[in-house]
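# Structural overview
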Amino acid sequence: MLDRAARPLVKLVDRYLPDPFIFVLILTLVAFAAAMIFEGHGPMAVIQMWGQGFWDLLSFSMQMLLVLVTGFMLASTPLVRSILDRLASLAKTPGQAIVLVTFVALIASWINWGFGLVVGALFAKALARQIRVHYPLLIASAYSGFIVWHGGLAGSIPLVIATDGHFGESTIGIIGTGETIFAFFNLAIVVALFIVVPTVNRLMLPEEKDSVYVDPKILEDNPDDQIVISRPAEHLENSRVLAWLVGFAGLAYIVHYFINEGGLNLNIVNFMFLFLAIILHQTPRRLLNSLNEAVKGGAGIVIQFPFYAGIMGVMTASGLAASISAAFVSLASAESLPFWSFISAGLVNIFVPSGGGQWAVQAPVMLPAAQELGASIPRVAMAVAWGDAWTNLLQPFWALPVLAIAGLKAKDIMGYCLMLLVITGIIISIGLTWL
């Protein structure tokens with residue numbers, strides 16, 4: 001059973017993986033040293049690159065914070081919580097709970113990565129309220145669904161190269177999603193992961209005597225609904241009419257947006273979460289009570305994302321990310337270029353955990369190499385996409401919203417994610433190289 005194989009990894013991570021903030025500080029220093037040693041930049045030049053990039057993810061940081069906050073507020077409404085609990089009741093055993101949360105997270109992440117992160121974590125908590133199950137693995141299973149996002153409907157790289165006017169159009173033209181997201185090799189990888197990831201997660205489930213169960217306090221996410229009105233202003237705070245007028249206006253915009261063929265992106269997901277929460281909480285006061293609970297888990301996002309933006313600034317401006325990509329390309333043939341693109345993207349992703357940002361760095365290296373070697377450009381592009389998604393199982397950057405909702409630390413789930421990293425890496429490599 002894989003639970004025995006996973007134990008050493010779990011113990012290793014628990015002992016040596018620092019808090020994600022310490023991890024990003026170490027990555028910052030590693031990026032500094034690499035830029036100076038391998039790219040020949042001086043210390044002050046590297047610091048300037050870092051400082052100039054430090055605030056480049058402010059908009060994205062706010063989006064991610066809202067993913068956490070609005071998702072939490074929506075899930076804390078009586079209706080949504082009831083739906084999640086009913087769906088969770090389908091699982092009768094710990095093993096079924098692990099498989100079910102993995103499937104839900106995979107499906108949601110394939111539709112939209114932000115949606116998948118929040119739904120997986122919230123559903124895991126709903127399961128934990130009903131079944132005694134090893135909680136760290138349950139949350140790791142919820143996060144593991146994120147592996148498929150870049151091969152799904154919201155994959156940033158395949159959507160970029162399918163858009164008129166993208167920066168590489170003069171080199172490769174427009175490549176439709178039929179050659180990337182809906183290509184046979186990509187769908188085969190997705191289907192394989194839908195089978196393998198739930199199976200691996202189930203096999204890693206420890207025996208009952210070795211299981212760690214959730215602290216009941218973590219599952220108490222209901223805001224205080226007691227209403228005491230002592231002054232006129234509180235009538236507005238508890239007004240259903242006020243909440244519903246604004247809430248249904250937002251709902252009308254959502255309907256209009258999708259009727260006019262709007263795509264599912266992070267902004268519209270947050271918009272839907274927020275205005276559905278306003279309607280379902282019924283009053284502004286209940287929404288604000290939920291908000292007060294939601295923001296408690298957002299500290300990691302607020303402080304860490306600027307540091308990752310600074311690392312991205314160093315990696316891109318120094319040429320270090322391009323050099324890493326070029327080093328792997330030098331080993332490649334037409335047949336093996338997708339594999340080396342995948343590996344190099346996985347390495348770069350540890351320092352540049354952004355699909356769109358990573359493509360901007362790697363495309364100028366990968367695309368000319370694909371043309372020169374006669375390799376499949378759509379396959380190479382998807383190799384970069386899958387590499388970006390793959391090492392998110394190692395990089396705690398994307399796990400922050402999940403961990404905040406779940407009330408855990410990165411070290412609690414990353415041992416299981418490392419096992420998945422190895423197994424999914426083999427599957428994706430085979431799909432990219434031989435299918």
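Preceding block: the structure.
A brief structural summary. (Residues numbered from 1 in each chain as written. Predicted model: local features only at pLDDT ≥ 70, side-chain atom pairs only at ≥ 80, totals over all residues. Heavy atoms only, no water.)

## Some words on the overall build of the protein
The helix and strand inventory of the protein stands at 22 helices and 0 strands. Relative to the globule expectation of 22 Å for 435 residues, the C-alpha radius of gyration of the protein, 22 Å, shows essentially globular dimensions. Buried positions account for 54% of the 435 residues belonging to the protein. Within the protein, residue pairs in contact and separated by at least 24 positions form 80% of the contacts whose partners lie at least 6 positions apart. For the protein, the accessible surface area stands at approximately 18,400 Å², while carbon and sulfur atoms represent 67% of it. (Helix = DSSP H or I, 4+ residues; strand = E, 2+ residues; numbered from the N terminus. Rg over C-alpha atoms; globule rule 2.2 N^0.38 Å. Buried < 20%, exposed > 50% of the residue type's maximum accessible area, 1.4 Å probe, protein only. Contact = heavy atoms within 4.5 Å. Areas by Shrake-Rupley, 256 points an atom, 1.4 Å probe, with all protein chains shown as cover.)

## Details of the packing of aromatic side chains
To describe a pair of aromatic rings, one takes the distance between the centres and the angle between the planes. Under the counting rule described, the total for this entry stands at 21 aromatic pairs. Taking the centre distance of 5.1 Å and the plane angle of 75 degrees together, the rings of F54 and F307 count as edge-to-face. Here F307 lies in helix α16 (residues 299-317) and F54 lies in the loop between α3 (43-53) and α4 (58-75), a separation of 253 residues in the sequence. The same class applies to F54 as to F307, namely buried. The positively charged end of R132 is found above the aromatic ring belonging to Y213, 3.8 Å away from the centroid. Just above the ring of F185 sits the side chain of R379; from NZ or CZ to the centre is 4.4 Å. (Phe/Tyr/Trp six-rings, centres within 6.5 Å; stacked < 30°, edge-to-face > 60°. Lys NZ or Arg CZ within 6 Å of the ring centre and 35° of its normal.)

## Notes on the environment of V118
One can find V118 in helix α7 (residues 113-130). Spatially, the C-alpha atoms of V118 and V67 are 7.0 Å apart, while their sequence positions differ by 51 residues. Discounting chain neighbours no more than four positions away, the residues touching V118 are V67, G71, F273 and I405.

## Here's the deal with the side chain of S336
Its location among the elements puts S336 in the loop between α17 (320-329) and α18 (337-351). A polar side-chain atom of S336 sits 2.8 Å from the main-chain amide nitrogen of S333. (Polar contact = N/O pair within 3.5 Å; in protein donor to acceptor, adjacent residues only side chain to side chain.)

## What about the side chain of T77?
You can see T77 is positioned in the loop between α4 and α5 (78-88). Within polar-contact distance, the side chain of T77 engages the backbone oxygen of L74 at 2.7 Å. If we skip the residues at most four places from it in the chain, T77 touches A277, L280 and H281.

## Some thoughts on helix α1 (residues 2-16)
Side chains that are three or four residues apart share a direction in an α-helix, a result of its 3.6 residues per turn. Taking 1.5 Å per residue, 15 residues should reach 21 Å; α1 reaches 21 Å between its end C-alpha atoms and fits that length. On its buried face, α1 is in contact with α11 (184-203) and α22 (410-434). (Expected span 1.5 Å × (residues − 1).)

## Focus on the environment of V295
Considering the arrangement of structural elements, one finds V295 in the loop between α15 (284-294) and α16. Classification of V295 by relative accessible area gives partly exposed; the value is 45%. Separated by 64 residues in sequence, V295 and W359 have C-alpha atoms that sit 32 Å apart.

## With respect to the pattern of salt bridges
Following the criterion strictly, the structure yields 7 salt bridges and no others. Between D210 and R7 there is a salt bridge, with its nearest N and O atoms 3.5 Å apart. Taken together, the residues D210 in the loop between α11 and α12 (233-237) and R7 in helix α1 connect sequence positions 203 residues apart. Relative accessible area serves as the criterion here: at 34%, R7 is assigned to the partly exposed category. In this structure, D85 engages R129 in a salt bridge whose closest nitrogen and oxygen atoms are separated by 3.6 Å. Placement of D85 in helix α5 and of R129 in helix α7 is noted, with a sequence separation of 44 residues between them. (Salt bridge = Lys/Arg side-chain N within 4 Å of Asp/Glu carboxyl O.)

## Here we look at the nonpolar core
With 148 residues, the main nonpolar core has W113, L138 and Y143 as its most contacted residues. Sorting elements by how many residues they give to this core places α22 first, with 12 residues. In this structure W113 touches F60, M64, F146, W149, A154, L266 and W398, once residues within four positions along its chain are discounted. (Core = buried A, V, L, I, M, F, W, Y, C linked by side-chain atoms within 4.5 Å.)

## So, the packing of helix α20 (residues 377-390) against α22
Interhelical geometry of α20 versus α22 gives an angle of 175 degrees and a closest axis separation of 11 Å. By the angle between their directions, the pair α20 and α22 is classed as roughly antiparallel. Residues R379, M382, A383, W386 and W390 of α20 lie in contact with α22, whose contacting residues are L421, T424, G425, I428, G431, L432 and T433. Its residues assigned to classes, the contact of α20 with α22 comprises 7 nonpolar, 4 polar and 1 charged. (Axes fitted to C-alpha atoms, helices over the stretch in contact; angles between N-to-C directions. Parallel < 35°, antiparallel > 145°, perpendicular 65-115°, else oblique. Nonpolar A, V, L, I, M, F, W, Y, C, P; charged D, E, K, R; others polar.)

## Some words on a nonpolar patch on the surface
There is a patch of nonpolar side chains on the surface, built from F103, I107, I111, L153, F182 and L187 and spanning about 470 Å² of accessible area. With 3 residues, the top contributor of residues to the nonpolar patch is helix α6 (residues 94-111). For I111, the location among the structural elements is in helix α6. (Patch = residues over 30% accessible without salt bridge, like charges linked within 9 Å, V, L, I, M, F, W, Y side chains within 5 Å.)

## A closer look at helix α13 (residues 240-259)
Taking 1.5 Å of rise per residue, the 20 residues of α13 would be expected to cover 28 Å, and the 28 Å separating its terminal C-alpha atoms lies within 8% of that figure. The opening residue of α13, the one whose side-chain oxygen lies 3.4 Å from the backbone nitrogen of V241, is S239. In the stretch just after α13, E261 is the one whose phi turns positive, near 65 degrees.

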